[in-house]
Amino acid sequence: MSESNFKSLEDTLNKYIPPEELREVKRVLYGRPDDNELKFAEETISLAKDVDIELKGYVFTARKEDLRRPRIVRVAAVQNTVDIPTTAPIHVQRDALHEKISNILRVAVTAGVNIVCLQEAWTMPFAFCTREKFPWCEFAEDVENGPTTKMLKELARQYNMVIISPILERDANHHDTIWNTAVVISNNGSYIGKHRKNHIPRVGDFNESTYYYEGDTGHPVFETQFGRIAINICYGRHHPQNWMMFGVNGAEIVFNPSATVGGLSEPLWGIEARNAAIANSFFTVAINRVGTEVFPNEFTSGNGLPAHKDFGPFYGSSYVAAPDGSRT
């Protein structure tokens, strides 16, 4: 099968393996023979279609207990394309993504979502390959009172939903230092806190140390109405001790918003967050971008390859893994 015809591993399995064998294949690959698909209301399905969103939902089952009531939490993992050309004015690019994510959150609330996590640096193209400070650092904003957080505070309160918003942070209190930061907003619309990316890749096209260095926030866990959550941003997933420290600090669900491309990490993607769930007895939510982002100027990466304007497609493949090793 040529690469151009390959949509996803799941698509290929469903297409070529007979149903009676597919259950066994999924049992071995995913830890459960059935997808346990979540049934959405017609309102949710219709709205998703209206705003052109591909909707997937899955359920993890648990043994019923006699003395404790079940605690059911619905999490949403958002992967999305960047549709506006990277040559457009910065405010046009950001406003378009604000609108797109607002539409996605409208769908999420009709599906009963309690906690939603957006993809890494969701308010912008992933320009940290270009080595250009301008115009990309213009996307950086204040974590508590920037336009993105202000918008999401209102939606979190309106939708009774915890929102994790990974953005490029501008730290005005420290000479406009730039950080790669996940902002956590409570379901009552208040700012809970932040976590700054603590492992920075210097590999392939990822030239992120041009923009920010390792974060200084440690391994924070945030108490919410729906559980104790943490965020292991992108490259941190390669470090088992990183996952471990979020568990030591009490996390029940650890989100991993990422931006990574096929040639660099795809064989690792389905393993790392799942291994972390098993090793640390928490749920993990792995989120990757999707699509190809093209930049106006060619860039190189010091790896001897010809200059290019994109670093390949983000392969999506977001999933959730449980402490028993099963995954969606």
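Presented here is an overview of the structure given in this document. All values reported here derive from a predicted model rather than from experimental measurement.

Quick notes on the rules
- Residues numbered from 1 in each chain as written.
- Predicted model: local features only at pLDDT ≥ 70, side-chain atom pairs only at ≥ 80, totals over all residues.
- Heavy atoms only, no water.
- Helix = DSSP H or I, 4+ residues; strand = E, 2+ residues; numbered from the N terminus.
- Rg over C-alpha atoms; globule rule 2.2 N^0.38 Å.
- Buried < 20%, exposed > 50% of the residue type's maximum accessible area, 1.4 Å probe, protein only.
- Contact = heavy atoms within 4.5 Å.
- Areas by Shrake-Rupley, 256 points an atom, 1.4 Å probe, with all protein chains shown as cover.
- Lys, Arg positive; Asp, Glu negative; His and termini not counted.
- Charge placed at Lys NZ, Arg CZ, Asp CG, Glu CD.
- Core = buried A, V, L, I, M, F, W, Y, C linked by side-chain atoms within 4.5 Å.
- Expected span 1.5 Å × (residues − 1).
- Polar contact = N/O pair within 3.5 Å; in protein donor to acceptor, adjacent residues only side chain to side chain.
- Pairing = 2+ DSSP bridges.
- Axes fitted to C-alpha atoms, helices over the stretch in contact; angles between N-to-C directions.
- Phe/Tyr/Trp six-rings, centres within 6.5 Å; stacked < 30°, edge-to-face > 60°.
- Lys NZ or Arg CZ within 6 Å of the ring centre and 35° of its normal.

1. Here we look at the overall build of the protein chain
Next, step 1: Secondary structure summary: the protein chain contains seven helices and 14 strands in total.
Next, step 2: The C-alpha atoms of the protein chain give 19 Å as radius of gyration, which agrees with the globular expectation for 328 residues (20 Å, within 12%).
Next, step 3: Dimensions along the principal axes, computed over C-alpha positions, put the protein chain at roughly 55 × 50 × 40 Å.
Next, step 4: Within the protein chain, the fraction of its 328 residues that count as buried is 47%.
Next, step 5: Long-range pairs, those at least 24 residues apart, make up 67% of the contacts in the protein chain with a sequence separation of at least 6.
Next, step 6: Surface summary for the protein chain: the accessible area is close to 16,300 Å², and the carbon and sulfur share equals 51%.
Next, step 7: Here the protein chain carries 34 positive and 41 negative side-chain charges, and the mean point of each set is 4 Å from the other.

2. A closer look at the nonpolar core
Next, step 1: Among the nonpolar cores identified, the biggest contains 26 residues, and Leu105, Val116, Trp122, Leu152 and Met161 are the most heavily contacted of them.
Next, step 2: What Trp122 contacts, discounting residues up to four positions off in sequence, is Leu97, His98, Ile101, Thr148, Met151, Leu152, Ser165, Pro166, Ile167 and Arg289.
Next, step 3: Counting residues in each nonpolar core, the second largest holds 23 residues, with Ile90, Cys129, Trp136 and Phe299 among its members.

3. Topic: helix H5 (residues 147-159)
Next, step 1: Compared with an ideal rise of 1.5 Å per residue, which puts 13 residues at 18 Å, H5 spans 18 Å between its outermost C-alpha atoms and is within 8% of the ideal.
Next, step 2: Regarding H5, the residues found buried are Thr148, Thr149, Met151, Leu152, Lys153, Leu155, Ala156 and Tyr159.
Next, step 3: Residues of H5 that are buried make contact with helix H4 (90-110), strand E3 (162-171), strand E4 (177-185) and strand E5 (191-196).
Next, step 4: Among the residues trailing H5, Asn160 stands out with phi positive, at a value near 55 degrees.

4. A closer look at the side chain of Thr260
Next, step 1: Considering the arrangement of structural elements, one finds Thr260 in the loop between strand E10 (253-258) and helix H7 (262-280).
Next, step 2: Separated by 2.3 Å, the side chains of Thr260 and Ser265 make a polar contact.
Next, step 3: Ignoring anything within four residues of it in the chain, the contact list for Thr260 reads Phe206, Arg237, Ser265, Trp269, Asn288, Phe314 and Tyr315.

5. A look at the sheet that holds E10
Next, step 1: One open sheet holds the five strands; their spatial order is E8-E9-E10-E11-E14, and the pairing between them is mixed. Every other strand in the sheet has two partners, leaving strand E8 (222-224) and strand E14 (319-321) as the edge strands with one partner each. Within this sheet the neighbouring strands show an average axis-to-axis angle of 25 degrees, counted without direction.
Next, step 2: With six bridges joining them, E10 and strand E11 (residues 283-288) adopt parallel strand pairing. Directly across from Ser258, in E11, lies its bridge partner Asn288.
Next, step 3: Seen against the sheet, helix H6 (residues 240-248) touches strand E9 (227-231), E10 and E11 and runs at an angle of roughly 145 degrees to E10.
Next, step 4: Against the sheet, H7 makes contact with E10, E11 and E14, and its axis sits at roughly 30 degrees relative to E14, the strand it touches most.

6. Considerations on the packing of aromatic side chains
For any pair of aromatic rings, geometry is given as the distance between the ring centres together with the angle between the planes.
Next, step 1: Enumeration over the complete set of coordinates arrives at 13 aromatic pairs.
Next, step 2: Seen from their ring centres, Phe126 and Phe314 are 6.4 Å apart, and the 80 degrees between their planes marks the pair as edge-to-face. In this pair, Phe126 sits in the loop between strand E2 (115-117) and H5 while Phe314 sits in strand E13 (residues 314-315), placing the two residues 188 residues apart along the sequence. Both residues of the pair, Phe126 and Phe314, belong to the buried class.
Next, step 3: Taking 6.0 Å as the distance between ring centres and 80 degrees as the angle between the ring planes, the aromatic pair formed by Trp269 and Tyr315 counts as edge-to-face. Here Trp269, found in helix H7, pairs with Tyr315, found in strand E13; they are 46 residues apart in sequence, far enough to count as distant. The same class applies to Trp269 and to Tyr315, which are both buried.
Next, step 4: An aromatic cluster of at least three residues, connected via ring pairs, comprises Phe126, Phe128, Phe206, Tyr211, Tyr212, Phe311 and Phe314.
Next, step 5: Over the ring of Phe314 we find Arg289, and its NZ or CZ is 5.9 Å from the ring centre.
Next, step 6: The ring centre of Tyr319 lies 4.0 Å from the NZ or CZ of Arg327, which sits over that ring.

Interpretation note: all reported values are geometric properties and have no functional meaning in isolation.
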